[in-house]
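So you can see what is in the structure, the chains are spelled out below.
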Amino acid sequence: MKIVAPISKIEELEMLLHCGADELYCGIRIPEWEKSFGQWWINRRSPQIANILSLTDLGTITEKAHGKGVQVHVAMNASFYPRAGMDLVLALCRRLAEKIHIDGLIVSDLNLLMALSLEALPLRIHLSSLGSCFNSESVAFYQSLGVKRIILPRQLTVSDIDRLIKRSDPAMEFEVFALNDGCYYEEGYCQTSHALGAFCLTAWDMTVRQSAKRRVSDYELEKNEKKYREYQWFLNNCGSSYQQDGLPNGPCSLCWFGRFRDWGVTAVKIVGREAAFVRKMGSVQLVSAVMDKVREKASSEEIAAYARQIRNTPAYCNSGHMCYFRES
Amino acid sequence: MHLALHLRKIPEDQILPDIPGHLRSCYDDTGADFQHLCEAFSPVERVYVGDEFCPLRLPTTTQLAAFCRFSNERNLELTLLMPVLTDAGLDHCATLFERLAKCYPEAEVVANDIGTILFLRKHHPGVHLSMGRLFNKGFKDPRLSLKDMTVTPEIKTLLSESTFDQSAFGEVMARLNVKGLERDLLPHGEAVANSSMDYRTAYYFPFGYVTTGRVCRTATFGKKAGCDFKMIQKCVKPCNDLSFRLKNDAVSLDLIQAGNTVFYRYPPSRLMGLVERAEEQHHRLIYQGFAI
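Keep in mind the model is a prediction, meaning the values are calculated, not measured.

Quick one: what's the story with the overall build of chain A, residue by residue and with numbers?
Scanning chain A from N- to C-terminus turns up 14 helices and 10 strands. Here the C-alpha atoms of chain A give a radius of gyration of 20 Å, agreeing with the 20 Å that 2.2 N^0.38 yields for 328 residues. In terms of principal-axis extent, the alpha carbons of chain A reach across some 60 × 50 × 40 Å. Expressed as a percentage of the 328 residues in chain A, the buried residues total 52%. The contacts in chain A between residues at least 6 apart in sequence include a share of 70% that link residues at least 24 apart.

Here it is in structure tokens:
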């Protein structure tokens, strides 16, 4: 299994490669897009904080990464692109493929996927988690559009993942989330924008609708709100905190790496293009440490025990809220 | 205009409920006069059953058979509304599809993921298929305020367009052999999309959806402590009796948390525009006031 790590600055490259990233993914800031569409982002993350700021930098990163045998994939994963922006997006994709020589695009919009399948550019297409592939029946369709890898959504359970991979064409690659940044809603169906801040973190005054047949006491509502906020805290990387040894807290699937290996998962993804240098470094170190056990062919149980030991936050792990792909 | 009604259960008195009266009650707080709007409504032609957002709200095979009888006896057409399904969900729904094909062979299924479409094409090639609104991505964030904002022509189109409006989407539909599209109004866009595609289009009203997910906040009101906020396989369905208003001073739209999904209520003027356009363009309108 490969470790897929986020990069948003050229200064992070050496550190990410040194710490064990096998593949890199990033976004690219395009001033022309911002001129037309303002705060509507060309990909799912903030242009200023989470994206490479120039094609020159992206070219340098790609060249250096290739020198180390590491692939670079670019997120073009807005949930949809308007007609007025599609030509610009396609021109950018062509440039990324033919001039910058990136290895792949991460895409979710069905219309862009369709257009790229006709373009047949010299790069790989990965279906973004926002493409929301929830079952194996969908896989053949994406394959027919030239998709080589599917990044599975966060809101699958481990048994969903097992079943989906077992029933799919072995030629399809699958990538799963490994670490950081939970999402309360299913990202592929959330039609809000992070440009306005996370919708799920917005403070709402929640009251029972008048038409509802059941009433709920203020006490029950308050208690629920408290639990909701606690859950959100876990999803939000435990308030962006760190363990005592400096490794980052946050949702993960580290315990499942042994199973993922056995099921044929191709890659595990570290989330957080917008994260600080230190958090990215800690994240790759943490995932690499568990991946070493995977590569040593340790058993799934040994890997799970090691992951919990290295996380060293048993109370958080026991809460269940730290886990992606949690079964009920 | 073709009017459809989304029902959760068969009415006890076996009579279709009154849409105009219920619609008015949904807008009591606005003082909107819906006299003309309601006069435009034709009789209900179709019943929707099922759910787009939660597989746990699908009918059982017995309930579905009862809906088939109910529709058949009243000469109503029937649509089964499906949520996004996992492989286990598809396995589980296989019997539901079989029952539908047996009891109501000409029924329509609205699928909200590609796997469900392909599964039905493989196992029930005769079924009439439409693509649901979860396929249709657009800018729906209710927190956006256009006040004090420069709305360029590009931004205007961005706020009014969605996945279904791109010509490439016709190719997606052709590949999947789908003839209908279901959508809702974009909160900041034109009243009804100016799509050039020649497919049957249906609009849900009076609510559009904003966001959804498998972790259901409403379900936590029916759970024991310690079982909250995770993807569940079983549910006591507190959503049948309980839904919430979400308010924030910075947001002018009325938001509702119903089940695992956040909806916005169309402002009266947008709703009136929708009904007018649906009448002109012969769109289907699906009333969901009873179901949400």
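Read on for the rest.
Break down the overall build of chain B for me, with residues and values.
Looking only at helices and strands, one finds eight helices and 12 strands in chain B. Here the C-alpha atoms of chain B give a radius of gyration of 19 Å, agreeing with the 19 Å that 2.2 N^0.38 yields for 292 residues. Across its three principal directions, the C-alpha atoms of chain B cover 55 × 50 × 40 Å. Looking at the 292 residues of chain B, the share that counts as buried comes to 49%.

Help me get a handle on the sheet that holds strand β2 (residues 44–50) of chain B, residues and values and all.
Read around the closed barrel, the eight strands follow the order β1-β2-β3-β4-β5-β6-β7-β12 (chain B); overall the barrel is parallel. Ignoring which end each strand starts from, the neighbouring axes of this sheet average 30° apart.

Would you mind going over the sheet that holds strand β9 (residues 243–247) of chain B in detail, with residue names and values included?
Strand order in the open sheet formed by five strands is β9(A)-β9(B)-β10(B)-β11(B)-β8(B), with antiparallel pairing between adjacent strands. A strand with exactly one partner marks an edge of an open sheet, and here the two such strands are β9 (205–208) of chain A together with β8 (207–212) of chain B. Shown here is a sheet whose adjacent strand axes are inclined to one another by a mean of 30°, direction ignored. Bridge count for β9 of chain B against strand β10 (residues 255–258) of chain B is four bridges, and the pairing is antiparallel. By the bridge assignment, S243 of chain B is partnered in β10 of chain B with A258 of chain B.

Please give an account of the environment of E173 of chain A that cites residues and values.
Residues and elements named next belong to chain A. Tracing the sequence through the fold places E173 in strand β8 (residues 173–179). Residues E173 and V147, spaced 26 residues apart in sequence, show a C-alpha to C-alpha distance of 9.1 Å. In contact with E173, other than residues within four places in its own chain, are K148, R149 and T266.

Tell me about the interface of chain B and chain A, and please be specific about residues and values.
Contacts between the two partners involve 58 residues from chain B, matched on the other side by 58 residues from chain A. Of all the elements in the fold, those that place two or more residues in the side of chain B that touches chain A are α4 (87–103), α5 (114–123), α6 (153–160), α7 (168–176), β8, β9 and β10 of chain B. Top contributing element to the side of chain B that touches chain A by residue count: β9 of chain B, with five residues. Pairing between β9 of chain A and β9 of chain B: four bridges, direction antiparallel. Note that in β9 of chain B the partner of V208 of chain A across the bridge is F244 of chain B.

Hey, could you go over helix α8 (residues 158–167) of chain A for me, with residue numbers and the actual values?
Within the sequence span of α8 of chain A, burial applies to D160, I161, R163, L164 and I165 of chain A. Considering only its buried residues, α8 of chain A is in contact with β8 and α11 (257–263) of chain A together with α4 of chain B.

Explain the confidence of the model for chain B to me, using residue names and the numbers behind them.
Of the residues in chain B, 96% have a pLDDT of 70 or more, and the chain-wide mean is 92. Here the predicted complex carries an ipTM of 0.95, next to a pTM of 0.96.

Describe in detail the pairing of strand β4 (residues 71–76) of chain A, supporting the description with residues and values.
Regular strands have side chains that alternate between both faces of the sheet. Residue and element names in this part refer to chain A. Of all the six residues making up β4, five are buried; the element is thus mostly covered by neighbouring parts of the structure. One ladder, built from four bridges, connects strand β2 (residues 23–28) with β4; its direction is parallel. Note on β4: the bridge partner recorded for L24 is V72.

Hey, could you go over the nonpolar core for me, with residue numbers and the actual values?
In terms of nonpolar packing, the biggest core is built from 178 residues, with L24, I150 and V287 of chain A touching the most fellow members. In this view, V287 of chain A contacts I3, A178, L179, V268 and I270 of chain A; residues no more than four positions away in its chain are not counted.

Please give an account of unusual backbone geometry that cites residues and values.
The residue after F205 of chain B, namely P206 of chain B, is reached through a cis peptide bond having omega 5°. Its location among the elements puts P206 of chain B in the loop between β7 (200–205) and β8. Within the chain, N312 of chain A stands out as a residue other than glycine whose phi angle is a positive 60°. Positive phi, normally seen in glycine, also occurs at F325 of chain A, with a value near 60°. Among the secondary structure elements, F325 of chain A is positioned in the segment after α14 (314–319).

Any details on the environment of F164 of chain B? Residues and values, ideally.
Residue and element names in this part refer to chain B. Among the secondary structure elements, F164 is positioned in the loop between α6 and α7. F164 sits in the buried class, given 26 other C-beta atoms within 10 Å. Spatially, the C-alpha atoms of F164 and H36 are 30 Å apart, while their sequence positions differ by 128 residues.

Could you give an account of the pairing of β2 of chain A, naming the residues involved and the relevant values?
Residues and elements named next belong to chain A. Among the six residues in β2, five count as buried, and that is most of the element. As judged from the three bridges shared by strand β1 (residues 2–6) and β2, these two strands associate in the parallel manner. Looking across to β2, one finds that V4 is bridged to E23. For the crossover from β1 across helix α1 (residues 13–19) to β2, the handedness is right-handed.

About the criteria used
- Residues numbered from 1 in each chain as written.
- Chains lettered and ligands numbered in written order.
- Predicted model: local features only at pLDDT ≥ 70, side-chain atom pairs only at ≥ 80, totals over all residues.
- Helix = DSSP H or I, 4+ residues; strand = E, 2+ residues; numbered from the N terminus.
- Rg over C-alpha atoms; globule rule 2.2 N^0.38 Å.
- Buried ≥ 20, exposed ≤ 12 C-beta atoms within 10 Å, placed from the backbone.
- Contact = placed C-beta atoms within 7 Å.
- Pairing = 2+ DSSP bridges.
- Axes fitted to C-alpha atoms, helices over the stretch in contact; angles between N-to-C directions.
- pLDDT = per-residue confidence, 0-100.
- Core = buried A, V, L, I, M, F, W, Y, C linked by C-beta atoms within 7 Å.
- Right-handed = clockwise from strand over helix to strand, strands pointing away.

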